[in-house]
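Summary of the model geometry
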Amino acid sequence: MIARLVLRRIAIGAMQMAALAALVFFVIRLMPADPAARFVGLGASPEAYAAARATLGLDKPLLAQFADFLGFGAARGLIDGDLGRSWVSGESVAREIAAALPITLELVACGVALAVLAAFPIALLSARRPGGGADRAVLIYGLFAGSQPEFVWALGLVFVFFAQLGLAPGPLGRLSPFAEPPEPVTGFMTIDTLLAGRFEAFSDAVAHLALPAATLAIVLSGPIIKMLRDSLGRALKSDHVLFARASGLSENRVSAIALKSALAPTLALIGILFGFMLGGAVLVESVFALGGLGQYAVRSVLAFDYPAIQGVVLTIAAVSLLVYLITDAAQALIDPRVAT
Amino acid sequence: MIAKPGRRDGLFADPLFIAGAALAALAALSAAFGHWLTPFSPDEVTDIVSEPPPPIADWPNLFVAALGGEGVHWFGTDAAGFDVFARTLAAARTDLLIAVAAAAISAAIGAPLGVIAGAVRTPATEALARASDVLQSFPVFITAMVLVALAGRSWASIVLAMTLLYAPIFLRLTRAEALAVSARGYVEAARIAGVPGWRIALQHVAPNALGPALSQLSVTIGFAILLTAGLSFVGAGVRPPTPEWGLMIAQGAGQIVLGDWWPALFPGAAITLTVFGFAAMGQSLEARYGR
Amino acid sequence: ALLLGCGSPPLTNADGLLVLTDETPTGLDYDGPSAAIPQSQTGIVNLMEPLIDYAPGAVNDSGVRIPDFTRFEGRLAERWDFDAARGVLRLHLRRDAVSCAGNPLTAADVVYTFARAKSVSGAAPIGWFLANAGGVADFDGDVFTDPAARTLGDEVRAIDRHTVEIRQGQPNPLLLPVLTTFGLLIFDSVEMRARATEDDPWSHDYANNAAPPSFGPYCVERWVRSSELVLRANPHYYRGAAPIARIVIKRVPQSANRYMIMRMRQAHVAERLTPREVAAIEDVDGLAVRSVQGNESLFLHMNFATPPFDDPLVRRAIAAAIPTRQIIRNGYFGAAVPWTGVAPSSYPGAASGAVTTDDPARAAALLAQAGYPGGRGLERYPDAFRLAYVAEREAVLGPIAASLQTALRRLGVPATLDPIPSAQFGDRQLVKKDLPFALNDQEKPVVVDAGYAAQLFFVSASAGGVNNMVNYANPALDALWARARGETDRVRRTALIQDIQRLASADVAWAPIVEYRTHWVGDAQVQGWSWRPDNALRFYDLRFAP
Amino acid sequence: MAAEAALRAARLTVIAGDAKIVDAASFALSPGEIVGLVGPSGSGKSVLALALLGLVRPGLRIADGAVTVGGVDLLAASPAAQRALRGKQIALIMQNARAALDPLARIGAQIVRVMAAHDVGDAADRRERAIALLAGVGINDPERRLDAYPHELSGGMAQRAVIAIALASDPLVLIADEPATGLDVTVRAQFLDALWRSARARGVSVLLASQEPGVLANYCDRIISIEAGRITQDEPVRSYFARRAPHAQATAPAQRAPATADAPLIAARGVSKAFGSARARVPAVADADLDLFPGDSVGLIGESGSGKSTLGRILVGLLAPDAGDVRIDGVTLTKSNDATRRRLRGRVQLVQQDPLDSFDPRWTLGDSIVEPIAAHERMTRSQRRARALALLDRVGLPHALCDAYPRDAPPGQLQRAAVARALSTSPRFIVLDEVTALLTPDVRRALVASLARVRDEDGATLLFISHDLESVRGLCARVAVMYLGRIVESGPAAAIFADPRHPYTQALLAAELGEDVDNRRIDRPQPHDLAGDGPVRQAAAPGCALAPRCSYVEARCRTDAPPLRDLGAGRSSRCWRAEALHTLRTS
Ligand SMILES: Nc1ncnc2c1ncn2[C@@H]1O[C@H](COP(=O)(O)OP(=O)(O)OP(=O)(O)O)[C@@H](O)[C@H]1O
Ligand SMILES: Nc1ncnc2c1ncn2[C@@H]1O[C@H](COP(=O)(O)OP(=O)(O)OP(=O)(O)O)[C@@H](O)[C@H]1O
Ligand SMILES: [Mg+2]
Ligand SMILES: [Mg+2]
């Protein structure tokens, strides 16, 4: 029945993507940009300008352009997995995204993982004695952690751990500048270094990932802790936990039961946060010069690079939908009621 | 969970709510009357750049001086020579204007639609729900950037962008609640009595389904402030030198490494306290009106 | 513990040179879409080699060698002779130049390079434009209308394997100068042809996205867009392999971070720090600030096509209101000098103009005279007074724009600030020419000649003023340029060009503000700094002091 | 006897803040004894039940007292020791079985982990034991149920699973908190039988909290009465019923015979309604015929899920039937039930099961009560208030309620307020859907009485849907019995109660727990009980729907479905052997 759930979600997702594609394409074309202008640049004669418009396919009617974008035109397009060429770099957008996406995924995955790891013990601590001192402290923290723009944390951490204490490597990307990056297999620096069996490079990558991931972790831990705390509190009040106590189960067992039932809603939240951070990590990325998807998106928007923007938005939407799908499936695995 | 009515009085028994409300009020006050507290204009540079705030020790006599109408850079000046104190106060106006407007408009659009979509199930309303899902699957930050790039860097277009992003959240939230409420016995009773649908939606469904939207409203204001700041940071927010906390932090952040902590610290504190305030209110409302 | 394990690893010179910059090259084809971006040029000029270059000149007080703009020296061409009568430049190519791909230099490479430029097949026809500026025969506007005109005739031809001739259409003293610029660097035609494809016969894709094959001192080792560019010395380089075998150019967007990393001695060179950060570096031992009063300047442009800027009185009033002293003190921390001319004062033929600034009283008077006493009446042009500048330069231009805005507000001028992304700024300045009011610190004429600068900016668009961003049109000036263009006598030409400049500044075509120093912050051990008009570092010249 | 008490509570006191929820409760259970704990809702039964295991819900605290189990004072013992006692010595059956089960764990796992906690048996044979337990509490094919999740079980099965868990490590004392509430009468009886048997078989002493006199009378040896947290009486079951005998017969059975002569007010013919998707189709009501005459009062009974509510909702035009037609007071129900409702407006009314749910929490009761009128007439505040007060009088409620909010009124009063609202439009026809289900017996009687008055005074026609046979007997002139969406028997109430002509009706009646201590269900043989828990829907099986459970089943029943046959005297039944039943039963 989980299979059914997955299939249904995939179908819906596909339709959403289609709608998105259309929306993005037409919205972007409202932007007050004149890409052709940039192409001809210096020494633009009207003819050169016209030529540029032709190269960009801007001379065609909008619907024709849309058809091309989708791949129903002469050239390859969306349905062939081809996102066109960047107007800034002239490089294939798909290739550029393929390079940037893993960077962001790695960052966000580690950030979320850290946040979750931190959240569980803390939430348990507060749920043990609801309304107690610990509980209040946790609540306050949960509200506080999310109350600053993440770049404040990022800059703060860099200033303290790099500039002041010299513990962390500088915000110079994913590896020490002179370190030889491993053959990109997964695109995840940590994994690739391991695959290449280069452990010094691995620890280097981890060290460079530490601060950015920590930044995300701090920001994300807020909502996660809050959610976990609330649903854990609800679970511990519930009849079935009381009944478990009444049947003489050990405190740890009882906590485990409560935790399991608190997990489902939290999973959903994690999925949402993950999706949000795919684009939202840009602030952290740019502070740490990671060159991830977010930075790519910002660059593209500022440069009115239509194909790149389309590519990024669609990619992020697709990945988030995938993540939602995964979390929902996981939820269904935990909670049989969801699956049916 | 269904809204429990008539417990508003309870709100002010909740320290969390009081604290939150106090912080929010503080921000509102500085937005309204901040300019009375300093002779400096938030958008005119002085000739002194990067002047540190006066040491606390001097504050008493400086205070006297200030009462004497003399200008004091309580929070120092930034790299452009702006008075940080004046700007921190004035920024409250920009940020609250954007955030409150965005949240309020989103709620004003999303919540009623949500009630309708939940109270009357027609193909049209179903389509509405699906459409809002699509809107929601947009990457928030990038979409905001695109929209701002579209409509130009002004507070109005930021509000527009946020409305597009937040209205669906309200819609979904309220719709779910409205669906639950429509299944309640009293709605059924009204139906049998032949009460017209619109009237049921208005008198029964709406009041009982808006609880979650209320707590969401407060939370959203916080989000909106942060998003505004983030947009400023990547240069897609309000135009400098508009006093805006995010912009001030972004500009001041570069100064920290030069040892000038004040241009970033004070707006940073302001944004933290304000967002925390709204988050706290949201939490406390959520505890009462559900989510 | 993890952090402790591998925090800041010590920086060793053995690994090579680490350069921090705000943006790595976005493309490496000088006819590509991103050649106008300065950081792209950094990549191009270190990978490719010119036919000739300026001879090295004196070393300035901060240890930077300035070219001697009066003398040329051979690069890929070891000798050349110019037949003034026929207007033919004969270049004798050196025989020992070998490209990164290992191909020896031949005349075919030069011919290919010009043929490619003339094909205007790239996104931006820089090569064509410079050849045109240098007066190379048949490099004219027809290429855009007439496909036939895009094929190279005999204006550039190989005499033998190592001799080429370039023929001029009419006399033009700029031919040698344009040959030094990044826009006519020589391609390795063998490699380029190998990379050509059906729909990309001129290998723009490869040159732009992988590496431009050439005979330069460095070759691309690794390039991750918007992250890093790693260069490795070309072992066959005809001047001998570069002293620093490896150059790592890292993108660190925030200047504050670049500053911090330099302070932590974790990098060798940082580009484009803010004046404030540079000032703060001065007294850090182990680090040195290298600067040159080059060709970078800040000016205010007011578009003649946008009222009220069509009124010279208004332009003069605004100019008079500019708080130049405050800008130099608070914006550049003293690292700039007032600028009165309209061409870089270091360029041959540059003249100083007579635009007064820093005079609020005069400004007020002029405004009143123009019919806007106390600024009343100007509120009719809110859009005209949106002061645009490149958003990416916020850290530097923000404060300056702010003090300018304040100064204007005090006059009653309803000025607002409008930072816009560089890409968009470029579109509007270069093509649409519809920016009404803008602060600009990006214009540095790549051909070292006041005349070229004058043509670029002030000759009316119809007469070849391709970068006439303010739509300034003055028949008298155009006439002067028409004469100067063909004038081969140095003295007379200079006289004409100085008249042009005087006209321009009399009309306040621009309100020049300051010429600011071009800075690099470097590790003290890094020696051999040299400056070029494109402001891109020449890594070949650098070495580590023992 | 005091010595070997299985459980002894002394001065047990539970407080919320400074309010005493349970006040110095002292009593004892001797081994093998089944003791009833009776008290009105909110009197502290559940709190006490939990406190006996040393547990309280958040907000509560055990302030004082001792609970001695197996010779140990549980409250004084260390947490570890307490855990050891809970489940091992003293086990709990919670009021709401569904909520008590861990929704994320399989039934088997939940049983086994309790065994593990008290290391009963060894890991290997625990599964076997679990199966045995489930079988013991009367769950059929336990192997399969072992791997079921709680949400896959029927209410009855969930209840039994909870008992199985409670019995997992053979406790000596069982605390059962209203274990049978919310179960179908038939299922409930069987379930309590199972509980009683396993208790007796294992010599377990049981504290059985309940408000149902029937339950107490049938299963308890002793009765402890609690009110507002204080134990007021502790007496043998007989003396308890001796005391409360008087108002056992509060309401007189309905005298009015329906005027079947004149045309029916409601005429339903071949009404069918199905729910769910094409794949999983649930025929909620199938081919139902029903006539109601002016002033008529029909009891509609049948186990949960048999389609009573659905039929009721169809009759008031809330649902449009898939097939068949319904004429109400001359109006034919159209498919578009909006249109219907507009035309019927006010002439029909519905009162629902959950009174709290049927009032808008934000409205005063007064406003809610007059809403049906206010929806169509413009009235001033004062007019509205006047009408509201009048209506409150009609159902005998204090005027104070007019300005009260739902949460401030006890369920009984709310339910009457709901009736008042229904009466506001002086309807011809009122459907009452299990209006008594959530009320305590005495409140129930009061409501039934006022309903009878409504019927008799202004001749409204009532359809009274209920599980509770006592109320039906008290109110209804005629009865219709539903099973799996079909009306299987109908006729005059007295006749049907005296001599049911359908095996299902018969089982239903047999399952009723009378208040007669001398005629306990467990002492009677129960040859004719239905098998299994609740109805089993087989898709398109031919033959009688009851066949799988019926003890009179014969070949014909499995092959072709019986029609609703007229048996004369206004009776009809959907059984091939209707006439024979009487003799079969007695023989
Ligand atoms: N967690 C709690 N905090 C405060 N008061 C409570 C709590 N739980 C129960 N009470 C109060 O204790 C009293 C007894 O509740 P309890 O559930 O034991 O009654 P009951 O006899 O079980 O009623 P019912 O028959 O409806 O189950 C009620 O007045 C209730 O308000
Ligand atoms: N809205 C609905 N959607 C789907 N199925 C429904 C719906 N309403 C009722 N059913 C199904 O129709 C059948 C009859 O339901 P109904 O509520 O009429 O029975 P009932 O006799 O009233 O039961 P109870 O005594 O528990 O109230 C049940 O199997 C139920 O699951
Ligand atoms: Mg109870
Ligand atoms: Mg029902």
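The sections below set out a description of the structure shown in this document. These numbers were taken from a predicted model, which means no experiment stands behind them. Along each chain, residues carry numbers from 1 onward, in the same order as the chain's sequence is written. All chains are assigned letters beginning with A, and all ligands numbers beginning with 1, in the order in which they are written. Totals for whole chains, interfaces and linings use every residue, but because this is a predicted model, local features are given only for residues with pLDDT of at least 70 and side-chain atom pairs only at 80 or more, for both listing and counting. Calculation of side-chain values draws on the structure's entire complement of heavy atoms; hydrogens and water are dropped beforehand.

Notes on the site of ligand 1
Residue and element names in this part refer to chain D. Note on definitions. A residue lies near a molecule or strand when any single heavy atom of the residue is within 4 Å of it. Taken together, the neighbourhood of ligand 1 is formed by 16 residues, with Ser 41, Gly 42, Ser 46, Glu 178 and Gln 211 sitting nearest. One of the side-chain N or O atoms of Ser 41 is found 2.6 Å from an oxygen atom in ligand 1. Gln 95 places a polar side-chain atom, nitrogen or oxygen, 3.1 Å from an oxygen atom of ligand 1. With residues, only the protein chains shown are counted as cover, and all accessible areas are computed by Shrake-Rupley using a 1.4 Å probe. A total of 630 Å² of accessible area belongs to ligand 1 in isolation, and the protein chains cover 65% of it. Secondary structure elements are taken from DSSP: a helix is a run of H or I of four residues or more, a strand is a run of E of two residues or more, and numbering for both begins at the N terminus. Examining the composition of the shell around ligand 1, we find that three residues originate from one element, helix H1 (residues 45–51), more than from any other. Under the scheme applied, nonpolar residues are Ala, Val, Leu, Ile, Met, Phe, Trp, Tyr, Cys and Pro; charged residues are Asp, Glu, Lys and Arg; polar residues are all the others, including Gly. Residues belonging to the shell around ligand 1 are distributed by class as follows: six nonpolar, seven polar and three charged. Residues adjacent in sequence count toward polar contacts only when both atoms are side-chain atoms; beyond that, a polar contact is any pair of N or O atoms within 3.5 Å, and within protein one must be able to donate a hydrogen and the other to accept it.

Looking at the coordination of the magnesium ion (ligand 3)
Listed donors are limited to N, O and S atoms within 2.8 Å of the metal, widened to 3.2 Å for Na, K and Ca; water is not among them, so incomplete-looking sites are possible. Coordination of the magnesium ion (ligand 3) by the protein involves Ser 46 of chain D (OG) and Gln 95 of chain D (OE1), with metal-donor separations of 1.8 to 2.3 Å. Here the residue Ser 46 of chain D occupies a position in helix H1, and Gln 95 of chain D occupies one in the loop between strand S6 (90–93) and helix H3 (97–100), the gap between them amounting to 49 residues.

Focus: the nonpolar core
Of all hydrophobic cores here, the largest spans 263 residues; its most connected members are Leu 52 and Ile 111 of chain D. Looking at which element gives the most residues to this core, the answer is helix H5 (residues 93–128) of chain A, with 15 residues. Not counting chain neighbours up to four residues away, the residues in contact with Ile 111 of chain D comprise Ala 130, Leu 133, Leu 134, Ala 164, Ile 165 and Ala 168 of chain D. By convention a nonpolar core is built from buried Ala, Val, Leu, Ile, Met, Phe, Trp, Tyr and Cys residues, the set being connected through side-chain atoms within 4.5 Å. Think of it in three bands: with a 1.4 Å probe and only protein chains considered, a residue is buried below 20% of the maximum accessible area for its type, exposed above 50%, and partly exposed in between. Contacts: residue pairs with any heavy atoms within 4.5 Å of one another.

Considering the sheet that holds strand S12 (residues 282–292) of chain D
All names here are of chain D. Spatial strand order, S12-S11-S14-S15: four strands in an open sheet with antiparallel pairing. The outermost strands of the open sheet, each flanked by one partner alone, are S12 and strand S15 (331–332). Any two strands between which DSSP finds at least two bridges are classified as paired. Two elements, strand S11 (residues 266–275) and S12, share seven bridges in a ladder whose sense is antiparallel. Across the sheet, Ala 268 pairs through a bridge with Leu 290, a residue of S12. All axes are obtained by fitting lines to C-alpha atoms, using only the stretch in contact for helices, and the reported angles, taken between N-to-C directions, cover 0 to 180 degrees. Strand contacts of helix H11 (residues 308–315): S11, S12 and strand S14 (323–328), with the helix running at about 125° to S11, the strand carrying the most contacts.

Regarding the packing of helix H4 (residues 84–119) of chain B against helix H10 (residues 211–233) of chain B
Each pair of packed helices can be summarised by the angle the axes make with each other and by the distance between the axes. Residue and element names in this part refer to chain B. It is the contact of H4 with H10, at a shortest axis distance of 8 Å, that shows an interaxial angle of 135°. In this view, H4 runs oblique relative to H10, as classed from their interaxial angle. In this structure, H4 crosses over H10, and the sense of that crossing is right-handed. Residues Asp 95, Leu 96, Ile 98, Ala 99, Val 100, Ala 103, Ala 104 and Ala 107 of H4 lie in contact with H10, whose contacting residues are Leu 217, Thr 220, Ile 221, Ala 224, Ile 225 and Thr 228. Class assignment for the residues of the contact of H4 with H10 results in 11 nonpolar, two polar and one charged. Here is the rule for angles: anything less than 35 degrees is roughly parallel, anything more than 145 is roughly antiparallel, 65 through 115 is roughly perpendicular, and the remaining ranges are oblique. It is the rotation of the near helix from the far one that decides the hand of a crossing: anticlockwise by less than a right angle makes it left-handed, clockwise makes it right-handed.

Observations regarding the environment of Pro 399 of chain C
Residues and elements named next belong to chain C. Tracing the backbone shows Pro 399 in helix H14 (residues 394–411). Pro 399 gets classed as buried once you look at its relative accessible area, which sits at 16%. Expressed as a C-alpha distance, the spacing of Pro 399 and Arg 71, which sit 328 residues apart in the sequence, is 40 Å.

Side note on the environment of Tyr 141 of chain A
All names here are of chain A. Mapped onto the secondary structure, Tyr 141 falls in helix H6 (residues 133–145). In this structure, the C-alpha to C-alpha distance between Tyr 141 and Ala 100, residues 41 residues apart in sequence, is 33 Å. Dropping the residues within four chain positions of it, Tyr 141 is found in contact with Ile 218, Ser 221 and Ile 225.

Side note on the side chain of Thr 13 of chain D
Residue and element names in this part refer to chain D. Mapped onto the fold, Thr 13 is located in strand S1 (residues 7–16). Classification of Thr 13 by relative accessible area gives buried; the value is 7%. Here the side chain of Thr 13 touches Arg 11 through a polar contact of 3.0 Å, landing on its backbone oxygen.

Considerations on the interface of chain A and chain C
Between chain A and chain C, the contact holds 50 residues from the first and 52 residues from the second. Buried area is a sum: the accessible area each of two parts loses on coming together, probed at 1.4 Å, counted once for each and added. When chain A packs against chain C, close to 4,300 Å² is buried across both sides, 66% of that on carbon and sulfur atoms. Put simply, a salt bridge is a Lys or Arg side-chain nitrogen that is within 4 Å of an Asp or Glu carboxyl oxygen. Run the count over chain A and chain C and you get three salt bridges. A salt bridge links Glu 91 of chain A to Arg 225 of chain C; its shortest N-O distance comes to 3.8 Å.

What to know about helix H3 (residues 107–118) of chain C
Residue and element names in this part refer to chain C. With 12 residues, H3 extends 17 Å from end C-alpha to end C-alpha; this agrees with the ideal 16 Å at 1.5 Å per step. Most of H3 is tucked away: 10 of the 12 residues are buried. The set of residues buried in H3 consists of Ala 107, Asp 109, Val 110, Tyr 112, Thr 113, Phe 114, Ala 115, Arg 116, Ala 117 and Lys 118. Directly beyond the C-terminal end of H3, a positive phi value near 35° is found at Val 120. A helix is expected to span 1.5 Å for every residue after the first.

Side note on the interface of chain D and chain A
Counting residues at the interface gives 27 residues for chain D and 21 residues for chain A. Carbon and sulfur atoms supply 69% of the area that chain D and chain A bury against each other, a total of about 2,200 Å² over both sides. For chain D, the biggest contributors to the area lost against chain A are Arg 83, Leu 104 and Arg 113 of chain D; these three give 29% of the whole. The tally of links from chain D across to chain A stands at one salt bridge. Arg 57 of chain D is the salt-bridge partner of Asp 239 of chain A, the closest N and O atoms lying 2.8 Å from each other.

Function-wise, these values are silent; they only describe arrangement.
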